[in-house]
Amino acid sequence: MAKTNPGRFFEDYTLGQVIEHAVPRTVGAGERALYHALYPARHALYSSDEFARTSGLPQSPLDDLAAFHVVFGKTVPDVSLNAVANLGYAEGRWLKPVYAGDTLRSASEVIGLKQNSNGKTGVVYVRTRGMNQRDEVVMEYVRWVMVRKRDVDAPAPETVVPELSKVIDPADLVIPDGLNFTGYDFAQAGEAHRWGDYEVGETIDHVDGVTLEEAEHMMATRLWQNTAKVHFDATFRPDGQRLIYGGHIISLARALSFNGLANAQMIVGLNGGAHANPAFSGLTVKAWSEVLDKAETSAPGVGAIRLRLVATKGGEPFALKGEDGKYQPDVLLDLDYWALMPM
């Protein structure tokens, strides 16, 4: 019997299958430092223990997206090792902050399967949960992945495409215990703009850009233990290029959004997301946002704001799709999320 793991292929998944992912990981202050080294991340709640304490938290949590990367990375050997591409996200919720010293692990349930018309690949839908050392679910999300078949002659499974919510109801967003923005220090946060200053339909050009470096995206995929072959092995794609991990683009775009959205402190919901076009080293990533909705919360001084975050290859801001409904070729990422902001 072979000792090595070739990864799962499309025909290896069954509806309702639950996969417990290896390997648990204890996170520490090093993750925060490396995250800030990889991305121009400057949101105050994740940069300062003192700022976090004045906001009602015991200390600065691990950045929401860093926690997402750790949970996501665990799933790769079982879900997307043989992926062609990660296609999208839905129904993501951050349920508890992750602090230095927490140990994270992941488990996924297969909730949908659909073979593609070419018979060579299929789409696998999974709901993933990340748990801490107390077995508390810290986050959950759905993603769907295009995966190669091992045997093109293998029979196609019954097609099941799950019905997924397009938007998380604001009432279902989980606000961290104790979070309180009534004493919020706008000067320390970096901008004066609060929840009431943003209008639904408003668009924001985040102005700045970051050129993708091969070394940085390789470090990121290793940091999050993402073992997908398309990110590591230059012989895996016909063009000989290593595909940039989609989460790397998400974090870059989120960090760039600080310029204009410095007070969108915590991500608590992921309504949807699509990696519209592939990214490779040498591209310059820019970002823009659109305010989609706003909602009040029960936490003192805390409002929820729904944002569309778009990352581009340096193209013109605010251009998303053409008349045919397809993404513009310059668009890399279209992400729809809920964040918490002082009122």
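Residues numbered from 1 in each chain as written. Predicted model: local features only at pLDDT ≥ 70, side-chain atom pairs only at ≥ 80, totals over all residues. Heavy atoms only, no water.

1. A short note on the side chain of Glu 31
To keep it simple, the criterion reads: Numbered from the N terminus, helices here are DSSP runs of H or I no shorter than four residues, and strands are runs of E no shorter than two. Accessibility here uses a 1.4 Å probe with only protein chains present; expressed as a share of the type maximum, an area under 20% marks a residue as buried, one over 50% as exposed, and anything in between as partly exposed. Side-chain atoms alone can form a polar contact between residues adjacent in sequence; in general such a contact is a pair of N or O atoms within 3.5 Å, and within protein one must be able to donate a hydrogen while the other accepts it. We call two residues contacting when some pair of their heavy atoms lies within 4.5 Å.
Structurally, the position occupied by Glu 31 is in helix H1 (residues 29-38). By relative accessible area, which is 9% here, Glu 31 ends up buried. In terms of polar contacts, Glu 31 uses its side chain to reach the side chain of Arg 25, at 2.8 Å. A distance of 2.8 Å separates a polar atom in the side chain of Glu 31 from the backbone nitrogen of Gly 28. Excluding its chain neighbours within four sequence positions, the residues that come into contact with Glu 31 are Arg 25, Thr 26, Leu 62 and Trp 224.

2. Some thoughts on the packing of aromatic side chains
Stated formally: Centres within 6.5 Å are what make two rings of Phe, Tyr or Trp a pair, Trp counting through its six-membered ring; a difference in plane orientation under 30 degrees is then read as stacked, over 60 as edge-to-face, and the rest as tilted.
One pass over the full model with this rule turns up 12 aromatic pairs. Judged by centre distance (5.9 Å) and plane angle (70°), the ring pair of Phe 68 and Tyr 89 falls under edge-to-face. Of this pair, Phe 68 sits in helix H3 (residues 64-79) while Tyr 89 sits in strand E3 (residues 83-94); the two residues are 21 residues apart in sequence, bridging distant segments of the chain. Residue Tyr 89 is classed as buried on the basis of its relative accessible area of 2%. Taken together, the ring pairs in this structure connect Phe 68, Phe 72, Tyr 89, Tyr 141 and Tyr 245 into an aromatic cluster.

3. With respect to the layout of surface pockets
The condition that has to hold: A 1.4 Å probe that fits but cannot get out identifies a cavity on a 1 Å grid over protein atoms alone, an open set with protein on both sides within 12 Å along at least five of seven lines counts as a pocket, and a residue lines either if it has an atom within 4 Å of a point. Grid points are joined across faces, edges and corners, and a volume is the space filled by probe spheres set on the points. As a working rule, the residues Ala, Val, Leu, Ile, Met, Phe, Trp, Tyr, Cys and Pro are called nonpolar, Asp, Glu, Lys and Arg charged, and the rest polar, with Gly in that last group.
In this model, the largest pocket occupies a volume close to 480 Å³. Lining the largest pocket are 29 residues, with Val 84, Ala 85, Asn 86, His 231 and Leu 243 sitting closest to its centre. Of all elements in the fold, only H3, E3, strand E6 (137-148), helix H6 (229-232) and helix H7 (246-256) reach the threshold of two or more residues within the lining of the largest pocket. Here the element with the most residues in the lining of the largest pocket is E3; it accounts for 6 residues. Tallied by class, the residues present in the lining of the largest pocket amount to 19 nonpolar, 7 polar and 3 charged. Put simply, the second largest pocket is a space of about 390 Å³. Lining the second largest pocket are 19 residues, and of these Tyr 89, Asn 271, Gly 272, Gly 273 and Tyr 327 sit closest to its centre. Elements with a minimum of two residues in the lining of the second largest pocket: E3, strand E8 (266-275), strand E10 (302-312) and strand E11 (331-342).

4. A closer look at a negative patch on the surface
Selection rule: The residues that make up patches have over 30% relative accessible area and no salt bridge, and they are joined within 9 Å when like-charged or within 5 Å when they are Val, Leu, Ile, Met, Phe, Trp or Tyr. Computed with the Shrake-Rupley method and a 1.4 Å probe, the accessible areas treat only the protein chains shown as cover for residues. Any carboxyl oxygen of Asp or Glu that lies within 4 Å of a side-chain nitrogen of Lys or Arg is treated as forming a salt bridge with it. Positive charges come from Lys and Arg, negative ones from Asp and Glu, while His and the chain ends are left out of the count. In this description, the location of a charge corresponds to atom NZ of lysine, CZ of arginine, CG of aspartate or CD of glutamate.
Together, Asp 205, Asp 208, Glu 316 and Asp 330 make up a region of like negative charge exposed at the surface. If you trace the backbone, Asp 208 turns up in strand E7 (residues 203-211).

5. What to know about H3
The condition is simple: Given the number of residues in a helix, its expected span is that number minus one, multiplied by 1.5 Å.
Under the 1.5 Å per step criterion, the end-to-end length of H3 is 22 Å for 16 residues, consistent within 8% with the ideal 22 Å. The buried fraction of H3 amounts to 15 of the 16 residues, a majority that puts the element mostly inside the structure. Among the residues of H3, the N-terminal cap falls to Asp 63, whose side-chain oxygen and the backbone nitrogen of Leu 65 are separated by 2.9 Å.

6. Considerations on the nonpolar core
Note on soluble globular proteins: their nonpolar side chains tend to be buried together. Our working rule: Residues belong to one nonpolar core when they are buried, are Ala, Val, Leu, Ile, Met, Phe, Trp, Tyr or Cys, and are joined through side-chain atoms within 4.5 Å.
Within the largest apolar cluster, 59 residues are counted, with the highest numbers of intra-cluster contacts made by Tyr 39, Phe 68, Trp 224, Ile 249, Val 285 and Ile 305. Ranked by residues supplied to this core, first place goes to H3 with 8 residues. Within the second largest apolar cluster, 23 residues are counted, among which are Ala 44, Leu 45, Leu 173 and Val 302.

7. Some words on the pairing of E8
Where we set the bar: When DSSP locates at least two bridges between a pair of strands, those strands are taken to pair.
Most of E8 is tucked away: 9 of the 10 residues are buried. Across 5 bridges, the pairing between E3 and E8 is antiparallel. Bridge assignment links Ala 90 to a residue of E8, and that residue is Gly 272. In terms of strand pairing, E8 meets E11 through 8 bridges, oriented antiparallel. Across the sheet, residue Ile 267 finds its bridge partner in E11, namely Ala 339.

8. A few points about the pattern of salt bridges
Applying the stated rule across the entire model yields 17 salt bridges. Notably, a salt bridge pairs Arg 134 with Glu 136, separated by 3.1 Å at the nearest N-O pair. Since its relative accessible area comes to 25%, Glu 136 is described here as partly exposed. One salt bridge in this structure joins Arg 242 and Glu 214, with 2.7 Å as the shortest N-O distance. With a gap of 28 residues between them, Arg 242 in the loop between H6 and H7 and Glu 214 in helix H5 (residues 214-223) connect regions that are remote in the sequence. The exposure class of Arg 242 is partly exposed, given its relative accessible area of 24%. A relative accessible area of 23% places Glu 214 in the partly exposed class. What you see here is one network of salt bridges that share partners, running through Glu 11, Asp 12 and Arg 150.

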